[in-house]
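Summary of structural features
Each chain, written out:
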Amino acid sequence: ELETALGGNGVQINSGLSFVQNFDGNWIGSMTSISPKQMYLINTNATIDIELSGELFEISEVEITLNNKWNWIGYPLSNTVSVNDALSNLTPVEGDQISGKNSFATYFGENNGWIGSLNTLEPGQGYKYYSKNIEQTNFVYSNNTRGELKANVTTDDNHWIPNAAQYANNMTMTA
């Protein structure tokens with residue numbers, strides 16, 4: 001159980017749709033379970049390492065549902081995969097966006113694909129997905145690794161990397 005793994009350092013666990021909050025050792029809220037389909041923000045009062053365990057599942061069984069506007073989605077694969085490859089089973093709408101902690105990519109149509117600073121999706125990370133599609137869409141991640149890229153590549157001129165954990169309500173901009 002996630003709350004137990006956090007111990008007395010847990011403050012809040014938020015899925016974007018529901019949350020639980022620690023009040024004097026009692027976890028109160030509407031969230032009752034965690035899922036590989038979701039992304040979670042965890043607020044702690046100290047830096048901690050946690051170890052979670054669960055049941056194995058087939059990636060084909062983890063169908064992600066995208067509603068119009070913002071969705072918090074999990075990334076259940078155990079390997080790093082390029083954004084284009086990981087989302088190849090999705091039919092995005094031009095202008096859709098996927099955001100990680102420090103980078104994002106926007107879909108610019110079938111000929112251009114996903115363009116931006118987010119090049120790969122990584123295990124253990126969650127993502128915010130903005131869907132411009134009015135209709136609810138479902139997809140399963142592709143485990144195709146042919147386009148695997150190195151993640152977190154920086155240049156010598158990049159001297160400041162913000163700690164995204166300090167900014168719960170960050171945003172991206174395409175200009």
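Residues numbered from 1 in each chain as written. Predicted model: local features only at pLDDT ≥ 70, side-chain atom pairs only at ≥ 80, totals over all residues. Heavy atoms only, no water.

**So, the overall build of the protein**
What counts here: Each helix is a run of H or I in the DSSP string that is no shorter than four residues. Each strand is a run of E no shorter than two, and both are numbered from the N terminus. Here's how the labels work: a residue is buried when its accessible area is under 20% of the maximum for its type, exposed when over 50%, partly exposed in between, all with a 1.4 Å probe on protein chains only. Residues count as neighbours in contact if any of their non-hydrogen atoms are within 4.5 Å of one another.
Helices and strands together make up the secondary structure of the protein, namely two helices and 13 strands. Counting the 175 residues in the protein, one finds 33% classified as buried. Sequence separation of at least 24 residues holds for 69% of the intrachain contacts in the protein that already meet a minimum separation of 6.

**Some remarks on the nonpolar core**
In plain terms, the rule: Here the nonpolar core consists of buried residues drawn from Ala, Val, Leu, Ile, Met, Phe, Trp, Tyr and Cys, with membership extended through side-chain atoms lying within 4.5 Å.
Core analysis: the biggest nonpolar cluster contains 21 residues, and Leu 87, Ile 98, Leu 121 and Tyr 141 have the highest contact counts within it. Elements with a contribution of two residues or more to this core: strand E5 (64–66), helix H2 (83–86), strand E9 (104–107) and strand E12 (126–131). Not counting residues up to four positions away in its chain, the partners in contact with Leu 121 are Tyr 75, Asn 79, Thr 80, Val 81, Val 83, Ala 86, Leu 87, Ile 98, Tyr 127 and Tyr 141. Of all hydrophobic cores here, the second largest spans five residues; its members include Leu 2, Ile 13, Val 20 and Met 31.

**Topic: the sheet that holds strand E6 (residues 69–74)**
Think of a sheet as strands paired side by side through backbone hydrogen bonds, with each pair either parallel or antiparallel. How we decide: A pair of strands is treated as paired once DSSP finds two or more bridges between them. An axis is simply a line fitted to the C-alpha atoms; with a helix, the fit covers only the stretch in contact. Between two such axes, the angle follows the N-to-C directions and lies from 0 to 180 degrees.
The sheet built from five strands is open, its strands ordered E6-E12-E8-E9-E10 with antiparallel pairing. Each end of this open sheet is capped by a strand with a single partner; those strands are E6 and strand E10 (114–116). Across the sheet, the mean angle from the axis of one strand to that of its neighbour is 25 degrees, orientation sign disregarded. Pairing between strand E8 (residues 97–99) and E9: three bridges, direction antiparallel. Looking at the pairing, Gln 97 lines up with Thr 106 of E9.

**What to know about unusual backbone geometry**
Residue Asp 24 is not a glycine yet carries a positive backbone phi of 50 degrees. Inspection of the secondary structure assignment puts Asp 24 in the loop between strand E2 (19–23) and strand E3 (26–29). You can call Asp 24 exposed: its relative accessible area is 82%. The phi torsion at Lys 69 lies on the positive side, around 85 degrees, for a residue other than glycine. The topology assignment puts Lys 69 in strand E6.

**A few points about the confidence of the model for the protein**
Note the following rule: Each residue gets a pLDDT score, which is the predictor's confidence in that residue and runs from 0 to 100.
The pLDDT averaged across the protein works out to 84; a share of 81% of its residues lies at or above 70. Residue range residues 146–156 is modelled with pLDDT below 50. Its contacts to residues more than four positions away, or to other chains, number 13 contacts.

**Side note on empty space enclosed by the protein**
Rule in force here: Think of a 1 Å grid over the protein atoms and nothing else: a 1.4 Å probe that fits but is trapped marks a cavity, an open set flanked by protein within 12 Å on at least five of seven lines marks a pocket, and residues with an atom within 4 Å of a point count as lining. Grid points are joined across faces, edges and corners, and a volume is the space filled by probe spheres set on the points. When residues are sorted by character, Ala, Val, Leu, Ile, Met, Phe, Trp, Tyr, Cys and Pro go into the nonpolar class, Asp, Glu, Lys and Arg into the charged class, and all the rest, Gly among them, into the polar class.
Applying the stated criterion to the full structure yields one cavity of 30 Å³ or more. Its volume calculated, the largest cavity comes out at about 40 Å³. Lining the largest cavity are Leu 66, Leu 90, Thr 91, Pro 92, Val 93, Asp 96, Tyr 129, Ser 131, Asn 133 and Thr 137. Partitioned by chemical class, the residues of the lining of the largest cavity number five nonpolar, four polar and one charged.

**Section: the pairing of E2**
Consecutive side chains along a regular strand alternate between the two faces of the sheet. Only one face of E2 is buried: it carries Val 20 and Asn 22, and the other face, with Phe 19, Gln 21 and Phe 23, is open. Counting the residues in the hairpin turn of strand E1 (residues 10–14) and E2 gives four residues, including Gly 16, whose phi is positive at 90 degrees. Connecting E2 to the next strand, E3, in antiparallel fashion are two residues, including Asp 24 with a positive phi near 50 degrees.

**Comments concerning the sheet that holds E2**
With antiparallel pairing, the four strands of this open sheet are ordered in space as E3-E2-E1-E4. The sheet is open, and its two edges are formed by E3 and strand E4 (41–44), each paired on a single side. Direction aside, neighbouring strands of the sheet carry axes that sit 20 degrees apart on average. Two elements, E1 and E4, share four bridges in a ladder whose sense is antiparallel. Across the sheet, Gln 12 pairs through a bridge with Asn 43, a residue of E4.

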